[in-house]
Amino acid sequence: MNRILILGGSGFIGNALYKELAPFFDVHATYKTDNPIFEKNKHFHQFDYEMERLHILLDNLKPKFIVTALRGNVTSLVRLHFEIADYVEKNDCKVIFLSSANVFDRFTNYPSYEYDKTLSESIYGRFKIKIENELLRKPISKYVICRIPMIYGAGSPRINEIKAQLQMNEAIEVFSNVVINATHINKLVQQLHYIINRRRRGIFHLGSNNLIHHIDLIKDICEELGHPDALIKQVFDSNEDRHLAVLPKDNMLPKHLQLTIEDVVKSSVVL
Ligand SMILES: NC(=O)c1ccc[n+]([C@@H]2O[C@H](COP(=O)([O-])OP(=O)(O)OC[C@H]3O[C@@H](n4cnc5c(N)ncnc54)[C@H](OP(=O)(O)O)[C@@H]3O)[C@@H](O)[C@H]2O)c1
């Protein structure tokens, strides 16, 4: 059975992906912070990229797929991903890198597609570009780059924060001029499952097929959560509309794995 290693298996995306894949593959995952539940699970390995070298874990597990779902120190993460890129090139293995819509945050007038040139003005976006560029130097069979927009879904950090603000009757900050696409966690992990299972490769834009202003998405989600009169605080960073959207065009997934903004809104409540 193909072995998959999820780096960051204790995190929001990493853990949801672990649960999605575990019934079908031999899945191993890492966590950093002490956690009695992960300690008892033989498939979870404590690993801190600031303190340890990854190659020990890789030599022991010999995964066929490495999914990187990590956050933290940018310099250390770049070093780690360069080490992974080198490992996958020399071994029968590929890496699935969770990148972000922010690799395009310098382009403002239109949404971005898979093979558009990246350009970012944020530290976060530039850090993702640095790792993407290193992977793009490797043969295409060795990497999958998944560019992901904002993730919602019942139980997600974004929806939990909105719920907490609604409960406290606090104003929710929205970027009124920003046009986005979005996704929800259940669909995202199904898409990643498909990409692994079907040995897809290259660059994927894993967001909804349509766009919405950030303010309208948040209002629709609040309404779905039963708060049509939520307090909204509008933040304007320019007079013009600004796009932060990664639309799929060249590397499409099958119909049942595509999604719309309406699906994202519906996913904010547990059905
Ligand atoms: N969430 C989004 O909306 C979104 C959108 C686009 C792209 N992404 C990308 O997806 C990836 C995962 O995001 P996420 O939201 O799932 O993050 P998250 O919930 O914050 O999880 C981060 C993971 O990194 C681990 N970690 C942190 N410092 C570490 C260290 N020094 N050594 C080893 N592991 C360490 C954490 O381990 P512990 O929890 O055990 O400490 C956790 O498993 C990130 O690269 C992010 O840029 C996320």
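Every value quoted in this text rests on a predicted model; they were computed, and no experiment measured them.

A. A look at the packing of helix α6 (residues 157-167) against helix α8 (residues 214-224). Close contact between α6 and α8 brings their axes to 11 Å; oriented N to C, the two are set at 70 degrees. One finds that α6 runs roughly perpendicular with respect to α8. The handedness of the crossing between α6 and α8 comes out as right-handed. Residues I159, I162 and L166 of α6 pack against I218, I221 and C222 of α8. Counted by class, the contact of α6 with α8 contains six nonpolar, no polar and no charged residues.

B. Molecular detail of the sheet that holds strand β12 (residues 212-213). An order of β12-β9-β14 is seen for the three strands of this open sheet, with the pairing classed as mixed. The sheet terminates laterally at β12 and β14 (242-244), the two strands that pair on one side only. Pairing analysis gives three bridges linking strand β9 (residues 178-180) to β14, with the strands arranged parallel. Bridge pairing in β14 links V178 to R242.

C. Just the UniProt feature "domain: RmlD-like substrate binding" (unreviewed entry) in the protein, in detail. If you check UniProt for "domain: RmlD-like substrate binding" (unreviewed entry), the listed places come out as residues 83-235 in our numbering. The distance from the first to the last C-alpha atom of residues 83-235 is 40 Å, and the span holds 37% helix and 24% strand.

D. Highlighting the sheet that holds strand β2 (residues 26-31). The seven strands are arranged β3-β2-β1-β4-β5-β6-β11 in an open sheet whose pairing can be described as parallel. If you trace the sheet from one side to the other, it starts and ends with β3 (44-46) and β11 (202-205), each paired once. Taking each pair of neighbouring strands and ignoring which way they run, the sheet shows an average axis angle of 20 degrees. The sheet strands contacting helix α1 (residues 12-21) are β1 (3-7), β2, β3, β4 (65-68) and β5 (94-100), and the helix crosses β1 at an angle near 160 degrees. Contacts from helix α4 (residues 74-90) reach β1, β4 and β5, with the element oriented near 165 degrees to β4.

E. Structural detail: α4. For α4, with 17 residues, the first-to-last C-alpha span of 25 Å sits near the 24 Å given by 1.5 Å per residue. Listing the buried residues of α4 in full gives S76, L77, V78, L80, H81, E83, I84, A85, Y87 and V88. Where α4 is buried, its residues meet β1, α3 (55-61), β4, β5 and α5 (123-136).

F. Focus on the site of the ligand. Near the ligand you find 23 residues, and of these S10, K32, T33, L70 and Y124 are the closest. A distance of 2.9 Å separates an oxygen atom of the ligand from a polar atom in the backbone of I13. Take Y124: an N or O atom from its side chain is 2.5 Å from an oxygen atom of the ligand. Coverage of the ligand by the protein amounts to 84% of the 920 Å² it exposes when considered alone. Mapped onto the shell around the ligand, the elements with two or more residues apiece are α1, β5 and α5.

G. View of the pairing of β4. Covered by surrounding structure in β4 are F65 and V67 together with I66 and T68, the residues of both alternating faces. Of the strand pairs in this sheet, β1 and β4 are connected by four bridges, and their pairing is parallel. Bridge pairing in β4 places I6 opposite V67. Judged from the four bridges that link them, β4 and β5 form a sheet pairing that is parallel. Looking at the pairing, V67 lines up with I96 of β5.

H. Structural view of the packing of aromatic side chains. Within the structure shown, the criterion is met by five aromatic pairs. Taking the centre distance of 4.4 Å and the plane angle of 15 degrees together, the rings of F38 and F44 count as stacked. A relative accessible area of 7% places F44 in the buried class. Between Y124 and F127, the ring centres sit 6.3 Å apart and the planes meet at 45 degrees, which makes this aromatic pair tilted. With Y124 and F127 both in helix α5, this residue pair falls three residues apart, about one helical turn. Classification of Y124 as partly exposed rests on a relative accessible area of 34%. Taken together, the ring pairs in this structure connect Y18, Y31, F38 and F44 into an aromatic cluster. Above the face of the Y152 ring, R158 is positioned so that its terminal group lies 5.9 Å from the ring centre. The ring centre of Y113 lies 4.4 Å from the NZ or CZ of K249, which sits over that ring.

Reading guide: rules and limits
Residues numbered from 1 in each chain as written. Predicted model: local features only at pLDDT ≥ 70, side-chain atom pairs only at ≥ 80, totals over all residues. Heavy atoms only, no water. Axes fitted to C-alpha atoms, helices over the stretch in contact; angles between N-to-C directions. Helix = DSSP H or I, 4+ residues; strand = E, 2+ residues; numbered from the N terminus. Parallel < 35°, antiparallel > 145°, perpendicular 65-115°, else oblique. Left-handed = near helix turned anticlockwise from the far one by under 90°. Contact = heavy atoms within 4.5 Å. Nonpolar A, V, L, I, M, F, W, Y, C, P; charged D, E, K, R; others polar. Pairing = 2+ DSSP bridges. UniProt positions renumbered as here; feature names shortened; annotations may be inferred. Expected span 1.5 Å × (residues − 1). Buried < 20%, exposed > 50% of the residue type's maximum accessible area, 1.4 Å probe, protein only. Near = heavy atom within 4 Å. Polar contact = N/O pair within 3.5 Å; in protein donor to acceptor, adjacent residues only side chain to side chain. Areas by Shrake-Rupley, 256 points an atom, 1.4 Å probe, with all protein chains shown as cover. Phe/Tyr/Trp six-rings, centres within 6.5 Å; stacked < 30°, edge-to-face > 60°. Lys NZ or Arg CZ within 6 Å of the ring centre and 35° of its normal.

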